[in-house]
Amino acid sequence: MFAAFVIAAKDLRQRFRDRSALVLGFVAPVAVAALMSFAFSGVESFHADIALVDNDRGQIAVALRGALTGPELSDVLTVRDAADDAEARRMVDAGDAGAGLIIPAGFSAAAVGDKPIGLRVLGNPDEPLQAQVARAVADAYVAQLNADRLSVTTALAAGFPESRAAELAAAVANLQLPESVQAQPTGYRQLRTASYYAPAMGIMFVLFAIGFTARDYFTEQRTGTLERIGAAPVTRGVVLLGKSLAAFVYSVVSLGTLAIVSSLAFDAEWGPPAAALALILAFSAVLVALTALVVAIARTERQADGLATIVTFVLLLLGGNFVLLSQAPEMLRRLALLTPNGWALRGFTDLATGAGATSAIVPVLVILGMAALLGTIAAVVGQRRPA
């Protein structure tokens, strides 16, 4: 066992003296995670600019404008007044507003009439989400208006004098639907891009260690280093164990360093330290198993390099390292569950959104199960491999 530690220490010294290994293991993950976080930071918050045209000037229209400019929507919505329909269209086309909302003449009078009048929404193809927000606001308010019209019609049918219709319109302007959706805290945090792409990029670059370790093994075999080691009372299994320990430590240190740096520099959320460490250790274990499998299957340094590259990029493409899995198609989300990095990202995402340390239990167990399976396959293939 002592010999395995000596071999691991030797490999680690070589790895940390290699500038390319240092860049890929420590510098590149931080840099790329920062770039990805800045590039996608806009999706964390949303704010819409809506050009509003009031052709009605009635009490209901005034109430609609008050709702749009109220404190409830101030964080997500800014209303920009437009003199007429043409100016609103011009603002939307020029990008000064993401969408337009036009209140037609007679809109308030419709509250006491029998013919409803709808709102017009102007959209910009470059800002589809803002147009959807404007349409949702219009739909919600028209639903409220229909409820108000029903209230007015019922009042008039019950004998309320029509001469007091204006008073009635002012009263219904303050009514609300009997059922409505209210925002309530769930105890979970919003997933920030830094909290997703920090572990995603760290995992990506750590996977490149498969190629490093496999190439080192065949390089030492080609140069006769393994033969000289074999002359000592050290078995091939001890040699592989030592190299596996080196790859494991390299992965843990790389991901651990990224977790600390990204947390301090980019406010990335990795969740409770113990749970995050468990995920890092589990993924590092599966990294060792993947490396052992590549070494067991390959026959030459070139084969090992090619096989490691294929394994790495297949895992990255299927595991969701390049795209938020929550926004990915259903098929990709299902395929990600067949990969250890997909389960690791699922665990880190749960921890980042405040799901609690216990949410990492299932991902850790699944990843360790994958590591055990891959390690068993590598051992069987290695035993059948000719000396």
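Only a predicted model underlies this, so the values are computations on that prediction, with no experimental measurement involved.

### Observations regarding the sheet that holds strand β4 (residues 120–123)
The strand order across the open sheet built from 4 strands is β2-β1-β3-β4, with neighbouring strands paired in mixed fashion. Of all the strands in the sheet, just β2 (77–81) and β4 have a single pairing partner and so form its edges. Recorded for the sheet is a direction-independent mean angle of 25° between the axes of neighbouring strands. With 5 bridges joining them, strand β1 (residues 48–54) and strand β3 (residues 99–103) adopt parallel strand pairing. By the bridge assignment for β3, Asp-54 is matched with Ile-103.

### Describing the UniProt feature "transmembrane region" (unreviewed entry) in the chain
The positions UniProt marks with the feature "transmembrane region" (unreviewed entry) are residues 21–40, 196–218, 238–262, 274–295, 307–328 and 360–381. The span residues 360–381 carries 95% helix and 0% strand; its end-to-end C-alpha distance comes to 31 Å.

### Comments concerning the packing of helix α11 (residues 273–297) against helix α15 (residues 361–384)
Where α11 contacts α15, the axes come no closer than 8 Å and their chain directions differ by 20°. If you check the angle between α11 and α15, you find them roughly parallel. The crossing of α11 and α15 is left-handed. The residues of α15 that touch α11, namely those facing Ala-278, Leu-279, Ala-282, Phe-283, Ala-285, Val-286, Ala-289, Leu-290, Ala-292, Leu-293, Ala-296 and Ile-297, are Pro-363, Val-364, Ile-367, Leu-368, Met-370, Ala-371, Leu-374, Gly-375, Ile-377, Ala-378, Val-381 and Gly-382. Residues that form the contact of α11 with α15 fall into these classes: 22 nonpolar, 2 polar and no charged.

### Focus on the nonpolar core
Ranked by size, the top nonpolar core spans 68 residues in total, and within it Ile-203, Leu-207, Trp-270, Phe-283 and Phe-348 carry the most contacts. Among the elements that make up this core, the one with the highest residue count is α11 (13 residues). Excluding residues within four positions of it along the chain, Trp-270 makes contact with Ala-198, Pro-199, Leu-255, Leu-258, Ala-259, Ser-262, Ser-263, Ala-276, Phe-348 and Leu-351. Formed by 20 residues, the second largest nonpolar core is a distinct cluster that contains Ile-50, Leu-101, Ala-131 and Leu-145.

### A word on the pattern of salt bridges
Under the counting rule described, the total for this entry stands at 8 salt bridges. The partner of Arg-65 in a salt bridge is Asp-81, and the shortest N-O contact between them spans 2.7 Å. Of the two residues, Arg-65 is situated in helix α3 (residues 59–68) and Asp-81 in strand β2; the sequence distance between them amounts to 16 residues. Taking relative accessible area as the criterion, Asp-81 reaches 48% and is therefore assigned partly exposed. With a shortest N-O distance of 3.1 Å, Arg-334 and Glu-330 are connected by a salt bridge. Of the two residues, Arg-334 and Glu-330 are both situated in helix α13 (residues 330–336); the distance of 4 residues between them amounts to about one turn of the helix. Residues joined in a network through salt bridges with shared partners are Glu-330, Arg-333 and Arg-334.

### Some words on the pairing of β2
Pairing of β1 with β2, which is carried by 5 bridges, proceeds in the parallel orientation. Counterpart to Ala-51 in the pairing with β2 is Arg-80. In this region the chain leaves β1, passes through α3 and returns to the parallel neighbour β2; the handedness of that crossover is right-handed.

### A closer look at helix α7 (residues 193–207)
Here α7 contains 15 residues, and its C-alpha end-to-end distance of 21 Å stays within 8% of the 21 Å for a straight helix at 1.5 Å per residue. With respect to burial, α7 is a largely interior element, 15 of its 15 residues being buried.

### Brief notes about the pairing of β1
Of all 7 residues making up β1, 7 are buried, and the element is well covered by its neighbours. Residues of β1 alternate between two faces, with Ala-48, Ile-50, Leu-52 and Asp-54 on one and Asp-49, Ala-51 and Val-53 on the opposite face, all of them buried.

### Re the side chain of Ser-254
For Ser-254, the position within the fold is in helix α10 (residues 236–266). The class of Ser-254 is buried, set by a relative accessible area of 2%. Residue contacts for Ser-254: discarding those within four places in its chain leaves Gly-25, Phe-26 and Val-206.

About the cut-offs
Residues numbered from 1 in each chain as written. Predicted model: local features only at pLDDT ≥ 70, side-chain atom pairs only at ≥ 80, totals over all residues. Heavy atoms only, no water. Pairing = 2+ DSSP bridges. Helix = DSSP H or I, 4+ residues; strand = E, 2+ residues; numbered from the N terminus. Axes fitted to C-alpha atoms, helices over the stretch in contact; angles between N-to-C directions. UniProt positions renumbered as here; feature names shortened; annotations may be inferred. Parallel < 35°, antiparallel > 145°, perpendicular 65-115°, else oblique. Left-handed = near helix turned anticlockwise from the far one by under 90°. Contact = heavy atoms within 4.5 Å. Nonpolar A, V, L, I, M, F, W, Y, C, P; charged D, E, K, R; others polar. Core = buried A, V, L, I, M, F, W, Y, C linked by side-chain atoms within 4.5 Å. Buried < 20%, exposed > 50% of the residue type's maximum accessible area, 1.4 Å probe, protein only. Salt bridge = Lys/Arg side-chain N within 4 Å of Asp/Glu carboxyl O. Right-handed = clockwise from strand over helix to strand, strands pointing away. Expected span 1.5 Å × (residues − 1).

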